[in-house]
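Architecture and fold: a report
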Amino acid sequence: MARNDFIRLFLISGQDSKSNARSSSFLLANLSEERRGTFMGFRRPDGRVGTGNLVLIVPTSMCASHEAQQISIISEYTLWSHQQFPNVDGVVAIPHNKGCGCQDGSTIDVMLRTLSNYADHPNVGGVILIDLGCEKTNLSVVEKYLLNREKAFDKPVAKIGIQEVGGTQAAIAQGLREVERMLPELNRATREEVSVSELVLGVKCGGSDGFSGISANPSLGRAADVLVRSGGTVLITEVPEFCGAEHVLANRAKDFETGKAVYEMVDWYKDFAAKFGAVLNQNPSAGNKAGGLLNITIKSLGAIAKAGTTRVEGVVGYAETPTNRGLNLMQGPGYDQESTPGLVAAGATVIVFTTGRGTTIGNAIAPVIKLASNSPVFARMSNDLDLSAGGVIDGTESIDEVGGRVFEHIVKVASGAELAKAEIHKHREFQFWAEQTVSL
């Protein structure tokens, strides 16, 4: 089936969103496997499908982040090219500022889960782990966490200890040798045609304005609905931006326990913020307010629209992988630098990020597609923004039409047929949420 016909079929079958939200099995029956769209992805040994094939350098702490970044930058400019390795999408690192000087418990657990899920991500073909040697999260700790899980870890991996090999220069030299060794191996992987049901879409917003909730977010919601009704998975976070609208999500939960969990994740965040003298209505930024989002309730009602209208299947912690397909909610902040990496750690293989003011953030291992809420910001920042929902405001397009374009673009980017603008500019922002952390 042609992709335009597939999207048109979805829009016809999904008109009754109120009843549809309670019966996702009925919805999926509307889009049988032969009617679902496809994309070109990398099938991994464990069955998951990636939208890219990358070498990832993982520093186990801030003490190894400099060396990790140097290895990735030098490798991309001297060892890797698409001409020589057409099936490899690059060499990237995730430098960060955590891993020592902090208390045990939640902070370390969240960090280990995030780093491990990045290393194990289907968009990653090979991994180099690098530590200083004396930090809390050294190689032995990370390796134990990564390899002693229920999930199998079946990909090329190398380990480098900076103190062990003799310092910065020696560690970088060894890292370059490991990258050079891995590239031909990763290049043997090839894209194959798979169902869009294998996609995991993270939906995110930042630099929102008064148009976001009536153009970009509901248009992305239409694309999210297409994916869910095709058997795929959608992840939404930014829990402070559920505040004032949590009842809408809870009423769409698949059962009582899931609905209760929606309220509990917002209540937890309110209590968490209160410990630091903060309240969730402080979330809107100065730019949000200048763009017309005067309070958290207005912002939240627009923000949740980007997840579409389907049933809420589950609630997970930050960087935790959902066990259910369909729409899932992830605990986490609204702060772009932490919530976007959390979605990827939870398994998102592609992100769509809506913005009204213009946001340039990307991610090291997953493409981040930018959807503008209005035409002026898209015209001004078209080198950074991929798509515009401004036609909804201008009266030249419907939400359904923009949603269809968004879905088509997701498929192109997921297939490697087109790069997201953030990928072109090598935006690879990475930081994880260290909830309840204290520097020691």
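Calculation criteria
Residues numbered from 1 in each chain as written. Predicted model: local features only at pLDDT ≥ 70, side-chain atom pairs only at ≥ 80, totals over all residues. Heavy atoms only, no water. Pairing = 2+ DSSP bridges. Helix = DSSP H or I, 4+ residues; strand = E, 2+ residues; numbered from the N terminus. pLDDT = per-residue confidence, 0-100. Contact = heavy atoms within 4.5 Å. Axes fitted to C-alpha atoms, helices over the stretch in contact; angles between N-to-C directions. Parallel < 35°, antiparallel > 145°, perpendicular 65-115°, else oblique. Left-handed = near helix turned anticlockwise from the far one by under 90°. Salt bridge = Lys/Arg side-chain N within 4 Å of Asp/Glu carboxyl O. Buried < 20%, exposed > 50% of the residue type's maximum accessible area, 1.4 Å probe, protein only. Core = buried A, V, L, I, M, F, W, Y, C linked by side-chain atoms within 4.5 Å. Lys, Arg positive; Asp, Glu negative; His and termini not counted. Nonpolar A, V, L, I, M, F, W, Y, C, P; charged D, E, K, R; others polar.

Right, let's get into the sheet that holds strand E7 (residues 192-195). Taken together, 3 strands build an open sheet; the order of strands is E2-E1-E7 and the sheet is antiparallel. Each edge of the sheet is formed by a strand with only one pairing partner; in this case those strands are strand E2 (49-50) and E7. Sheet topology places strand E1 (residues 38-43) next to E7; 4 bridges connect them, and they run antiparallel. Looking across to E7, one finds that Thr-38 is bridged to Ser-195.

Right, let's get into the confidence of the model for the protein. Confidence along the protein averages 88 in pLDDT terms, with 86% of residues attaining 70 or more. The low-confidence segment residues 6-29, where pLDDT is below 50, has 46 contacts with residues more than four positions distant or belonging to other chains.

A separate point is the packing of helix H4 (residues 65-78) against helix H8 (residues 168-186). Contact pair H4 / H8: the axes reach a minimum separation of 9 Å and the direction vectors enclose 45°. In this view, H4 runs oblique relative to H8, as classed from their interaxial angle. Handedness of the H4/H8 crossing: right-handed. Note on element contacts: H8 touches H4 through Thr-168, Ala-171, Ile-172, Gly-175, Leu-176 and Val-179, opposite His-66, Glu-67, Gln-70, Ile-71, Ile-74 and Ser-75.

What the rule picks out here adds up to 18 salt bridges. Residue Glu-198 is joined to Arg-43 by a salt bridge in which the shortest nitrogen-to-oxygen separation is 3.5 Å. Of this pair, Glu-198 sits in the loop between E7 and strand E8 (200-205) while Arg-43 sits in strand E1, and the two are 155 residues apart along the sequence. Exposure remark for Arg-43: the relative accessible area of 36% places this residue in the partly exposed category. A salt bridge links Asp-104 to Lys-136, with the nearest nitrogen and oxygen atoms 2.8 Å apart. One end of the pair, Asp-104, is in the loop between strand E4 (90-93) and helix H5 (106-119); the other, Lys-136, is in the loop between strand E5 (124-131) and helix H6 (139-147), and 32 residues separate them in sequence. Residue classification places Asp-104 among the exposed positions, given a relative accessible area of 58%. Salt bridges here are not isolated pairs; linked through shared partners, they connect Lys-204, Glu-238, Lys-306 and Asp-336.

Leu-201, Phe-242, Ile-365 and Ile-410 are the most contacted members of the largest nonpolar core, which totals 83 residues. Setting aside its immediate chain neighbours within four residues, Ile-365 contacts Leu-54, Leu-56, Val-92, Tyr-118, His-121, Asn-123, Val-124 and Val-344. Of all hydrophobic cores here, the second largest spans 23 residues; its members include Leu-79, Ala-158, Ile-162 and Leu-183.

With that settled, the discussion passes to the side chain of Arg-113. Position of Arg-113 relative to the elements: it lies in helix H5. Nearest to the buried, unbridged Arg-113 among oppositely charged side chains is Glu-320, at 4.0 Å.

Take the packing of helix H9 (residues 216-228) against helix H17 (residues 399-414) next. Contact pair H9 / H17: the axes reach a minimum separation of 7 Å and the direction vectors enclose 60°. Classified by the interaxial angle, the pair formed by H9 and H17 is oblique. Classified by chirality, the crossing of H17 by H9 is right-handed. Every residue of H17 that contacts H9 at Pro-218, Ser-219, Leu-220, Arg-222, Ala-223, Val-226 and Leu-227 is listed here: Ile-399, Asp-400, Val-402, Gly-403, Val-406, Phe-407 and Ile-410. Of the residues in the contact of H9 with H17, the class split is 10 nonpolar, 2 polar and 2 charged.

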